[in-house]
Structures are given as structure tokens and as C-alpha cells.
2 protein chains.
Amino acid sequence: MLRTNTCGELSINNVGEEVMLSGWVQRNRDLGGMTFIDLRDRDGITQLAFNMDENSNLCEQARKLGREFVIKVRGIVIERSSKNKNISTGEIEIKVSDLDILNPSKVPPFTIEDQTDGGDELRMKYRYLDIRRNPIKENLILRARVSSETRKYLDKQGFCEIETPYLIKSTPEGARDFIVPSRMNEGQFYALPQSPQTFKQLLMVAGMDKYYQIVKCFRDEDLRADRQPEFTQIDCEMSFVDQEEILNTFEGLTRHLLKEVKGVELNEFPRITYDEAMKMYGSDKPDIRFGMKFVELNYICKEKNFQVFDSAELVVGINVKGGATFSRKQIDKLTDFVKTPQVGAKGLVYCKCNEDGSFKSSVDKFFTQEDLNNWADTCKASSGDLILILAGEKDKTRKALSSLRLHLAEELGLRNPEEFSPVWVLDFPLLEWDEESNRYHAMHHPFTSPKPEDIEKLNTDPASVRANAYDLVLNGNEIGGGSIRIHNRDLQKLMFKHLGFSDEDAKEQFGFLMEAFEYGAPPHGGVAFGFDRLCAIMGGQENIRDFIAFPKNNSGRDVMIDSPSIIDNEQLNELNIKLK
Amino acid sequence: MLRTNTCGELSINNVGEEVMLSGWVQRNRDLGGMTFIDLRDRDGITQLAFNMDENSNLCEQARKLGREFVIKVRGIVIERSSKNKNISTGEIEIKVSDLDILNPSKVPPFTIEDQTDGGDELRMKYRYLDIRRNPIKENLILRARVSSETRKYLDKQGFCEIETPYLIKSTPEGARDFIVPSRMNEGQFYALPQSPQTFKQLLMVAGMDKYYQIVKCFRDEDLRADRQPEFTQIDCEMSFVDQEEILNTFEGLTRHLLKEVKGVELNEFPRITYDEAMKMYGSDKPDIRFGMKFVELNYICKEKNFQVFDSAELVVGINVKGGATFSRKQIDKLTDFVKTPQVGAKGLVYCKCNEDGSFKSSVDKFFTQEDLNNWADTCKASSGDLILILAGEKDKTRKALSSLRLHLAEELGLRNPEEFSPVWVLDFPLLEWDEESNRYHAMHHPFTSPKPEDIEKLNTDPASVRANAYDLVLNGNEIGGGSIRIHNRDLQKLMFKHLGFSDEDAKEQFGFLMEAFEYGAPPHGGVAFGFDRLCAIMGGQENIRDFIAFPKNNSGRDVMIDSPSIIDNEQLNELNIKLK
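Because the structure is predicted, anything quoted here is derived from the model rather than measured.

Visitor: I'd like a description of the overall build of chain A, backed by residues and values.
Guide: When helices and strands are counted, chain A shows 17 helices and 23 strands. The buried share among the 580 residues of chain A stands at 58%. For chain A, long-range pairs separated by at least 24 residues make up 65% of all intrachain contacts whose partners lie at least 6 apart in sequence. Summed over all atoms, the accessible surface of chain A reaches about 24000 Å², with 45% contributed by carbon and sulfur. Considering chain A, the positive charge centre built from 76 side chains and the negative charge centre built from 94 side chains are found 3 Å apart.

Right under this line is the structure:
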């Protein structure tokens, strides 16, 4: 036996007990007569005490223990003289009688502390040391809890966990697939799933009623900080349901998770349509932890000879509460921000609502105090507030103002990571125009059903057709999305036609699904949550990497195991492929 | 809304309620005045009643519904006149007032019944219809329950579920990898994991203490009925434990699963060593639901001028209780069986213990009644029993007798699928000689620790070195196995040397693990359960395929989605590979 307790378990109630602990040397303090060691394991830290007077041999041994040595000790739990109220074991220490070194350690390449001196690359190379640090360890434990609570909730709701295959078929539609050469089927390839979409729909055709899976998915895309070539989804599908039942079920899941994992009780989630979201926030994933909703000003800003507004498709502003105190320099910085290529605005108009009731704007030449007062009324701005206005082409202007809104919120500390504001965004467009391929693409995926009342517009005005599709947004991040699917073969055929699939393409790629729909497919719909991001947001962060045990870098490399790597020619031969 | 209840929910307590049900038409019986439909969903079957006199229109509609049509009905729950005690809803039926066809269905290619007329290939091609059948559906539900109960137990024991990566590094050791070309790293490849072995060990180095995962693994091997290119493992690892604690933990898991899922309470699991298992059962995965233990007869069978026995390394028998009644023909068939190439014995010696106390053997020429009496005593055979004996080279003879033992048990109905007999097999050899490569291979894997007292024999008698390795066997199937790992770099180096790895090979393949061991690796060990097989055995079957939602056939093909398949040249170009 290597321990009777973990390093986070013992308290004042155990005083007098003989215990055995194993763990890592976190800290070693030699105070002359006494040596204290902080012994660490997953559960916590327990202080070990060695007394020079009582056992000089053992104390000498203890003094030599380096950081991260793995040791086993036996001793008696005693009350500490100077207590540490910050940790659960802070009232006791172990008076050690036996000490074994289980494994020595080289000096780690960075400090195993909450704030480490290791840079990103080094931490990734030695990820097994990085995970010893509290923040990363806690992230992984949080992830396990989210996973466990997700299953508990879904099991209780009658969902059945079913594993779908990883070696599937490549489909050109959507993102790029990772592929896997088949040795037994010469010249042929499997693909790794981008999602279990078709399989979960087939499970509904199969009568499994309510399915879920927490499952790895794969996309061979160029990577960004919040994207990984392999990522995890909570994947769900339900039969014989309408949109309302799906929203309620997964609102319930999200509420359950935040309550059980974070202790946060949420009210009913607000719902807005995609059109409203774009109009009020310039984004289909609005952060509603704070205000600054968009106010459209076209009808009161135009025809005052200010060319910028007069020529604009949209003039739109936000009210920055208390922003009248911003200095000229601060406002210049905001102007610089909106002019960066990423944001892409031409300029920024401001209007300060002074304490004395007067207004000061960057366009005083064109607008009277009465005009500005009118702006303020429309924007519900009062003394001390600041109105910021952008103008131009509608979609671009909204996008730019959305960036400004988030930027300001960040600067003003309005994005509290411990506050959770979910919102459903409904009625997404069914199709979006793709400039590159010069055709419509499915905004969600080709199996999403159009709203019945919009179907006839597929021929006349495809862009205006709304889908039975919904996203769940949390703190400005899309954490989940889904749709009611098409379960009718004819409608699915029509969709493929509008997506530019030839009959052959559709048959080649989705023939089995189309055929399945002929054997009694039930009405069904579902949702998928981005599990990595959900965990990150619940952990109060936006970067998913530190919520994944062994992530890859932006080149898709695992720098710890040094992968991908070259392969024996013999291996390639067996697979009937060669390098180009 | 599409339903108020499922088709398995309503009972006599709901009589008088108005309900809405949706599901599939299982059966349609037109009795003239009445038409009855069995409506099926995942939860069960509910009878729908249509009365010609009361609503001829509706009844006409109902009559036309084909098998597997998806319908929605509204109606009143009424008590049935002729009750069906076999199903939970058998006391009621629905007097239907409204009927909607949600989706029609073509006639399915096989019957959706417990016993179907569909062959294997057809069932696989239309797996989504096959899953509608009760036996397959129940298998998948059982699998979900085993998974859920596994997590419950491990969560409670303080295990943390951690996902390890799927895109990892190829290692030539072990079985053949599936590989994945990297687009972003030209000429390089990922591999899909054969198991998360190294990652789980790194998680122990990382201080995560107790890890588990229910995870897909991949092996590109030629397939057999009970093998799939992708399969699922319950993968676990623990730190600061000895073998005893691991055995207790996973004995606890197995007991928990059988109790919660099957309602079977198991006693403490017996334990035998590998050597004992080979000696008593000729197999390292003995089925101990029945007896017929091996009895070695060398010392009483030799030197009687029977050349077959005299020249044999091993003479070994089993006692078939009550087998004296076997006819000559039956015994001839057994002889034929042991002579098949798969079994490979030269012949079979029998000795019947007659009711009158005399003996009749196939070798009466060489052995007296006293000799045979001696055999019977040694085999604990009494009147009415049959002793069957094989002789020859030790390992081959044991293997052959093991086959005979299982064959007999099958024929005698001793392998009751609803009886569960687990056994731990301990002290596996560390190494096994591989004729082909002319060197020792790790029997378990290269990270398995030798028993400390055997380490010095690595140089003198490698084959006799025992490992801290163990298998859990259930009903003659290995359902789990594991080991205490090496956590010391020097010992790991020594192991690699004995396995014929050059320093470069070891560094190239496992350098990161070796390096990790230098930074304070804790003592650790673990286990992996073959999840597919565990589910199959718990479901009373041995073939895993019907416990996997979408399995592949023996050529590694998914005949439903027709995968693997050919790939666009463009896609191959991007990946910098081409076909040979």
C-alpha cells in the first residue's frame, strides 16, 4: 500500500492518526531546526514536518528532496501551530516517521505554480508537467464534471447513448475531411467524421427516439486559437418533437450544468430571431451580459447635408453609459480601432451628452443641438452618456459596430466571466450565398428543414427562406446549434437541387440517407454543443486549448509526442499509397 | 406536439384519458368490423382500435396503412376486452379519433420481427431497419446502460474522465496502425490510437491520479467475427496503487455492472495464476462455469508399452460427468473433432466408467482394469462418467484439450449465457518468444513491469520472468486486462533492450514517455476492458457485432454507407499523396 489518504483529505478531525501519504514535493523549506515540505497530489497539499532534534537523519534526507520528487511518508497527524486558513488541510501537518523516495525528478523546465514562468511552447512540450499546475488540472476536472452532469441529465430525460463509427465516408460538402487509407480495400479511403450528423439521423429512422453522444469530431481546416483539428461535441437527436420541445430540453440541460457545476441559477432564456440579433447586436451570437444595443438612426440623421450619413445605407449608434467622460485621446483610440482592417469602418461619429444638458459631437458643423438632443432621446442617452455612430453599407456597418461594442465592453469590464447570459437565436436563414462557388450553401447543413410557410419562396427568393434552425449563445459565444431536420425524401431532394447537387452527386454522397427516408423516417431534430468551448466558457475563459488535456498547436502538431511524423515506406506500400 | 406519451407507457391507470401517440405500424389486422394496429416506438407497443360502425372513414384509412408507416393518432385510452399479459400496455388500447400519416414507408426488405427473414448482408445494408428489431434495439440499450453504470461507479471511486487525442503518432510496435495524412505537415502522418496507453501513463505523470475513458481504439488487422477495425475500450489508470488495489477496484466495477444491469450478485472472484490456468484449463481465459478440469496423468499412464503415452511430453485427461452413456458414434465424432486441423490432436483416448464398476477404454490392450481404475480415481470419475485423454507435446496438447473441453460444454449445454463466472488470471509471463522475428515480444505491452523478484532472470531465463499483469476473464472470454507499469526510466530502458529496441528506436518511438519518467513519475497501473465484448457477454452472446450500432463487415466495409470509397484526386493532391 502506498497511501492511506490523499493530500487533500486530512483535517483537524484526524489528529493523532497514523497515516501514509504519497505525492510530489511542491516546496521544501529548511528552517534550521525544522524542515517543512508541501506534499501535493491531485486532491490538495499537506504539510510534512521534519524535526532536526528528534530525527536528524530523516530531516537531513528531507532537506535534500528536490522539487517534484515523488515520495511516500508515514507519520502522525498533528495540529499545526501556525494555521493556513486557505487550504482544507491547513490546520494540520504530518509529523513524519518514515520517508521513501519513490522516484526522483530532474528540475522541471518551468515552475509548477499557478502563475508559471513557462511559455506556451514549453508548456505544450511538457504538457504532463503543465497539467500538474492547478489552473490546468482544475480545467480538466471541470471538463469531467460537465461531461458527467451532461450524461446524468440526458440519461434522466430518456436519451440513449449510442456510439457512431469513426471510420466513415468522405463527403466533399462542408469542411475538409481527414481521410484514412484502407489497406483491405485498395485505392479506397475512409474519412473521419466532421460530425455524426447522418448517423444520428439514421438512428432516428431506426427508432432509437432520443440519442446522444459526447464524441470527437474532425475537421482539416487551417487553425485558429479557438479551433482544433479534433474537437468534442455533445451530439443529440430526438424524434417526434417540434422546435419548442428541443429548445426546452436543451435549455434544461444548460440550466442543469450551470447549476450543478457553477452553482448559478438561470432564469428562462431570452429568445430573439436571427434578424433581431443582427439588427440589435450586429451579430448572430450576441453577448447580452451588457447593453449598448444598436439604435438605427437613419430617419433622424439623414438630409442634414452630412454626406457620410446621407449616402449610407445604414446609420446606427450605441449608447455608452457614462462615456461622456472619455477623453479626446480615448475617443481617438476608438476611432483608430474601428478603422483597423479587421473592423473596416471609415470613421466614427461621437456625441457627448454633457452634464449641463448640452451636446458635443464630432459633427457639430452639420447638426444642431436640437438634432443631437433628438439622437440622445432616440438612443435613450442622458447626461453623462456617449453616443457612438457608424454609417455605411448595412451588413458591414453592423459587423463593425458589433466589434466596437465588444471592444468597449472589454475595456469597460462589462464581460464578467463569472456571469452567464444565455440567449436563443432562432429562425436562421436556410441558405447563404457563397461568392466563391457562386451558389447557395446550406447555412446549417443540407438536412435542415425550411419553415413550411417559406418553402414556396425557395424558387422566388431563396435568401429570405427561414430555417427551423436555432443556436444557443452564451456570453457571446455560440455553444450549441441545431435544427428540425427534413424527414421527407421529396423535400430533401428539393433542397439538394437548390444547393446545386446533381442527382448523381446527391445519390453518391447521401444515397443511403435518401433511401432510409423512404422506409418510415419520423419527424426529428437535434442539436450539437461545442463541448470544448462550453467547458472553456464555464471555466470563465474563451481559449479552448487549456480545457483539452493534449491539444495541438496552430500547425496541427502535438509538440509533446512530435506528431504528425514520417512513416515507413513499407507501411505506405501496404496501404497502396505513396508520397507525391 | 406529436405525442403525449410513448407507446410503452400507458396502462389500466390511464383509462379515460385522451392521449396522442406517434410511432410505426408494426401490424395491421383487419377483422371486418374492427381494425387493430400495433403501434411501435422505442418504448413498446400500444394497440390502436378503429371501429367500422363508429367511424368508417377513419377505419378505411387505418386499413390501408402499410407496415412501418409512421403515424400520429389521437384517442381515448380504453380497457381491452382480450388482454395481453405479455406486454406492459396489454390491458388497454386506444380508441382512435384522429389519424395522421407522418411518413409512408416502402415495404421493408426484411420483416421487423424478433426473428427476421433477413440475412446478415441485407440486415447490415439496412441497419437502420435492423435496429428497429427488438433484439438489436435491446442490445444497444443494454450497451448504453453498461456505459452509464461504468461511469457512475468510476466517478464515485474518484476517477476523472479525460479525453486523449485521436490524431497521434504511429509506432511500428504492436498491431498495424491506421494512418491519417497531414495536409499542413507535408509528407507526415498521424496514426489513430490502438489504445490510449502512453497518454494515460502521461496523465499519471501529470498527477491526475485516477483516469478513465470509454474510448474508441483502432487496429488495422485482418478481421474475424469478433473483431472490428474500430472498437471501444473502458480504459483506466491509477496512481500510487499496487496490484491488489487495482484488482479490488475493477472486481468492484464488474460486480456493480452485473448487479445493476443484470440483477446478478457475484461472490468474490476466484484468482488463478497463468501457470495454473494453463495447467488446469489449457487456456489463459478459462470458462469456469463448468468443471472438466484437466488431470495430468503422466505418472500413472506411462511405461505400459502404449507408445503414444510413453513418447508424450504430457498425458492429460478430463472427466465428462455422465458421459459413459455416449454412443460409439458420439465418441467417434469427438475423435474427429480433435483431429481437425484447428484442434490438431492425433487422436483421442477414452475410458468409460461403467455402472457395474468395470471400465471400457479405447486402449484396453495396454491397460488393465486396475490401471483404468487408477485413472478414474485420479480423475475423480465414478460410475457413469467418461474420461477423455489427449497426449503429446505439452502446449499443443493442452490447447487441443481446451478446445475439446469447450466443445463438449457447448454440446452438453453447460455454457449457460445467463450464468456469469468471472476469474482473475494473474502472473502472466512478461515476454513471449516470437518465431517470426526471432526475438522476445512483450506479452502485454512494453510498459508492463516485471515482478521485482524475477528481474534478475531477464538475463538468464527471460521466458520465466513473470509480469505484474492480470486478465479478467468472464465466461471464457478475456474482458479486461492490465498491469502495473514500469515507472522507472532505467527499468524501462532495460525492457526496451530485451525487446530488441535499439536506443534510437526507443527514443524515436517512446522518447517523450522516457523523458516524462525523469520528472517524477508515480508508481501506477491500470486496466482496459474490451467494451464491445463485455456488452455482448452481458447480453448473453459472444459475437460483438450486434452490440455495435453500425459495425463493419469482415473486409472492414460499412455496407450501409458503402465505405471506404474512392477519393477525388484533388483531395489526394492537397494531402501530398497519390495512389501507387
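Let's pick the thread back up.
Visitor: Let's hear about the relation of the copies chain B and chain A: which residues, and what values?
Guide: With an axial shift of 0.0 Å and an RMSD of 0.1 Å, the rotation relating chain B to chain A amounts to 180°. When the rotation and shift are considered jointly, the pair of chain copies conforms to a two-fold rotation axis. In this assembly the copies share their binding face: 100% of the residues contributing to the interface of chain B also contribute to that of chain A.

Visitor: Help me get a handle on a positive patch on the surface, residues and values and all.
Guide: A cluster of basic side chains, namely Lys578(A), Lys580(A), Lys578(B) and Lys580(B), defines a positive patch on the protein surface. Within the fold, Lys580(A) resides in the segment after strand 23 (577–579).

Visitor: Give a detailed account of the sheet that holds strand 5 (residues 92–103) of chain A, specifying residues and quantitative values.
Guide: Residue and element names in this part refer to chain A. One closed barrel accounts for five strands, arranged 1-2-3-5-4; its pairing is mixed. Here the average twist between neighbouring strands, direction ignored, is 55°. Sheet analysis places strand 1 (residues 18–30) next to strand 4 (residues 70–79), joined by seven bridges and oriented antiparallel. Each bridged residue has a counterpart across the sheet, and for Met20 the counterpart in strand 4 is Arg74. Helix 1 (residues 56–63) rests against strand 1, strand 2 (34–41), strand 3 (44–51) and strand 5 of the sheet, and its axis sits at about 65° to strand 5.

Visitor: So, the confidence of the model for chain A: which residues are in play, and what are the values?
Guide: Mean pLDDT over chain A: 95, with 100% of residues reaching 70 or higher. Two numbers describe this predicted complex: its pTM, 0.96, and its ipTM, 0.95.

Visitor: Describe the sheet that holds strand 5 (residues 92–103) of chain B, and please don't skip the residues or the numbers.
Guide: Residues and elements named next belong to chain B. Strand order around the closed barrel formed by five strands is 1-2-3-5-4, with mixed pairing between neighbours. Here the average twist between neighbouring strands, direction ignored, is 55°. For strand 1 (residues 18–30) and strand 2 (residues 34–41), the ladder comprises six bridges, and the chain directions are antiparallel. Along strand 2, the bridge assignment pairs Arg29 with Phe36.

Visitor: Report on the side chain of Ser565(B), specifying residues and quantitative values.
Guide: Secondary-structure assignment places Ser565(B) in the loop between helix 16 (531–538) and helix 17 (569–574). In this structure, Ser565(B) is in contact with Lys169(A), Gln188(A) and Phe189(A), ignoring residues within four places of it in sequence.

Visitor: Which residues make up the interface of chain B and chain A, and what values go with them?
Guide: The partner chain A presents 123 residues to the 123 residues of chain B that form the contact. Summed over the three residues of chain B that lose the most area to chain A, namely Arg42(B), Phe240(B) and Tyr519(B), the buried surface amounts to 8% of that side. In this structure, Asp222(A) engages Arg183(B) in a salt bridge whose closest nitrogen and oxygen atoms are separated by 3.2 Å. If you look at where chain B meets chain A, you find 75 residue pairs in polar contact (both at pLDDT 80 or more). Here the side of chain B that touches chain A gets nine residues from one element, more than from any other, and that element is helix 4 (residues 134–156) of chain B. Among the residues forming the side of chain B that touches chain A, the class breakdown is 62 nonpolar, 26 polar and 35 charged.

Visitor: Could you give an account of the pairing of strand 3 of chain A, with specific residues and numbers?
Guide: All names here are of chain A. In terms of burial, strand 3 is largely enclosed, as six of its eight residues are buried. As paired strands, strand 2 and strand 3 are joined by eight bridges and run antiparallel to one another. When the bridges of strand 3 are listed, Asp38 appears paired with Gln47. In textbook terms, the turn of a hairpin is the stretch between consecutive antiparallel strands, and for strand 2 and strand 3 this stretch comprises two residues. Pairing of strand 3 with strand 5, which is carried by two bridges, proceeds in the parallel orientation.

Visitor: Give a description of empty space enclosed by the protein that names residues and reports values.
Guide: Applying the stated rule across the entire model yields seven cavities of 30 Å³ or more. By volume, the largest cavity amounts to about 340 Å³. Arg151(A), Ile214(A), Arg151(B), Glu161(B) and Ile214(B) are the residues nearest the centre of the largest cavity, which is lined by 27 residues in total. Only helix 4 (134–156) and strand 9 (210–218) of chain A together with helix 4 and strand 9 (210–218) of chain B provide two or more residues apiece to the lining of the largest cavity. Counted by class, the lining of the largest cavity contains twelve nonpolar, five polar and ten charged residues.

Visitor: Outline the packing of helix 4 of chain A against helix 6 (residues 243–262) of chain A, listing residues and values.
Guide: Residues and elements named next belong to chain A. Their axes nearest at 9 Å, the elements helix 4 and helix 6 cross at an angle of 135°. Between helix 4 and helix 6, the crossing angle belongs to the class labelled oblique. Pair helix 4 / helix 6 crosses with right-handed handedness. Across the interface between the two elements, Leu142, Arg145, Val146, Glu149, Thr150, Tyr153 and Leu154 from helix 4 touch Asn248, Thr249, Phe250, Gly252, Leu253, His256, Leu257, Glu260, Val261 and Lys262 from helix 6.

Visitor: If you had to explain helix 6 (residues 243–262) of chain B to someone new, which residues and values would you point to?
Guide: Residue and element names in this part refer to chain B. Taking 1.5 Å of rise per residue, the 20 residues of helix 6 would be expected to cover 28 Å, and the 28 Å separating its terminal C-alpha atoms lies within 8% of that figure. All of the buried residues in helix 6 are Gln243, Ile246, Leu247, Thr249, Phe250, Glu251, Gly252, Leu253, Thr254, Leu257, Leu258 and Val261. Of the residues trailing helix 6, Gly263 is marked for its positive phi of about 70°.

Visitor: Lay out the packing of aromatic side chains in plain terms, naming residues and giving numbers.
Guide: Here the structure, examined in full by the defined rule, presents 47 aromatic pairs over all chains. Seen from their ring centres, Phe501(B) and Phe510(B) are 6.1 Å apart, and the 55° between their planes marks the pair as tilted. According to the relative accessible area criterion, Phe501(B) is buried, its value standing at 9%. Feature note: the residues Phe306(A), Phe309(A), Phe366(A), Phe367(A) and Trp375(A) constitute an aromatic cluster, connected by ring pairs.

Visitor: Residue-level account of helix 7 (residues 274–281) of chain A, with values.
Guide: Residue and element names in this part refer to chain A. If you check which residues of helix 7 are buried, you get Tyr274, Ala277 and Tyr281. Projected down its long axis, helix 7 shows its buried positions confined to an angular sector of 65°, all on one face. Packed against the buried residues of helix 7 are strand 11 (271–273), helix 12 (394–411) and strand 17 (422–426). Residue Gly282 follows helix 7 closely and has a positive phi angle near 65°.

Visitor: An account of the pattern of salt bridges is requested, with residue identities and associated values reported.
Guide: Evaluated as defined, the whole model comprises 113 salt bridges over all chains. A salt bridge links Arg466(A) to Asp454(A), with the shortest nitrogen-to-oxygen separation between them at 2.9 Å. Taken together, the residues span a long stretch of sequence, with Arg466(A) in the loop between helix 13 (457–460) and strand 20 (469–474) and Asp454(A) in the loop between strand 19 (439–442) and helix 13 at a distance of twelve residues. A relative accessible area of 3% means that Asp454(A) is categorised as buried. Close ionic contact of Arg123(B) with Asp546(B) constitutes a salt bridge, the shortest N to O distance being 3.0 Å. Here Arg123(B) is found in helix 2 (residues 120–125), whereas its partner Asp546(B) is found in the loop between helix 16 and helix 17, with 423 residues between them in sequence.

Visitor: Summarise the side chain of Arg415(B); cite the residues concerned and give the values.
Guide: All names here are of chain B. By the element assignment, Arg415 lies in the loop between helix 12 (394–411) and strand 17 (422–426). The class of Arg415 is buried, set by a relative accessible area of 16%. Among the polar contacts listed, one links the side chain of Arg415 to the side chain of Asp287, at a separation of 2.8 Å. A polar contact of 3.4 Å, which involves the side chain of Arg415, links it to the side chain of Glu410.

Visitor: Talk me through unusual backbone geometry; I want residue IDs and the actual numbers.
Guide: In this structure, Pro564(A) follows Ser563(A) across a cis peptide bond, with omega equal to 0°. Note that Pro564(A) resides in the loop between helix 16 (531–538) and helix 17 (569–574). Phi is positive for Lys380(A), close to 50°, though the residue is something other than glycine. Residue position: Lys380(A) is located in the loop between helix 11 (369–378) and strand 16 (386–392). By relative accessible area, which is 69% here, Lys380(A) ends up exposed. In this structure, Asn305(B) is a non-glycine residue whose phi angle is positive, near 70°. By secondary structure assignment, the location of Asn305(B) is in the loop between helix 8 (298–301) and helix 9 (307–310). Relative accessible area serves as the criterion here: at 67%, Asn305(B) is assigned to the exposed category.

What counts and what doesn't
- Residues numbered from 1 in each chain as written.
- Chains lettered and ligands numbered in written order.
- Predicted model: local features only at pLDDT ≥ 70, side-chain atom pairs only at ≥ 80, totals over all residues.
- Heavy atoms only, no water.
- Helix = DSSP H or I, 4+ residues; strand = E, 2+ residues; numbered from the N terminus.
- Buried < 20%, exposed > 50% of the residue type's maximum accessible area, 1.4 Å probe, protein only.
- Contact = heavy atoms within 4.5 Å.
- Areas by Shrake-Rupley, 256 points an atom, 1.4 Å probe, with all protein chains shown as cover.
- Lys, Arg positive; Asp, Glu negative; His and termini not counted.
- Charge placed at Lys NZ, Arg CZ, Asp CG, Glu CD.
- Least-squares fit on C-alpha atoms with pLDDT ≥ 70 in both.
- Patch = residues over 30% accessible without salt bridge, like charges linked within 9 Å, V, L, I, M, F, W, Y side chains within 5 Å.
- Salt bridge = Lys/Arg side-chain N within 4 Å of Asp/Glu carboxyl O.
- Pairing = 2+ DSSP bridges.
- Axes fitted to C-alpha atoms, helices over the stretch in contact; angles between N-to-C directions.
- pLDDT = per-residue confidence, 0-100.
- Buried area = accessible area lost by both parts, 1.4 Å probe.
- Polar contact = N/O pair within 3.5 Å; in protein donor to acceptor, adjacent residues only side chain to side chain.
- Nonpolar A, V, L, I, M, F, W, Y, C, P; charged D, E, K, R; others polar.
- 1 Å grid on protein atoms, 1.4 Å probe; cavity = no way out; pocket = protein on both sides within 12 Å on 5 of 7 lines; lining within 4 Å.
- Points joined across faces, edges and corners; volume = space filled by probe spheres on them.
- Parallel < 35°, antiparallel > 145°, perpendicular 65-115°, else oblique.
- Left-handed = near helix turned anticlockwise from the far one by under 90°.
- Expected span 1.5 Å × (residues − 1).
- Phe/Tyr/Trp six-rings, centres within 6.5 Å; stacked < 30°, edge-to-face > 60°.
- Arc of directions from axis to C-beta.

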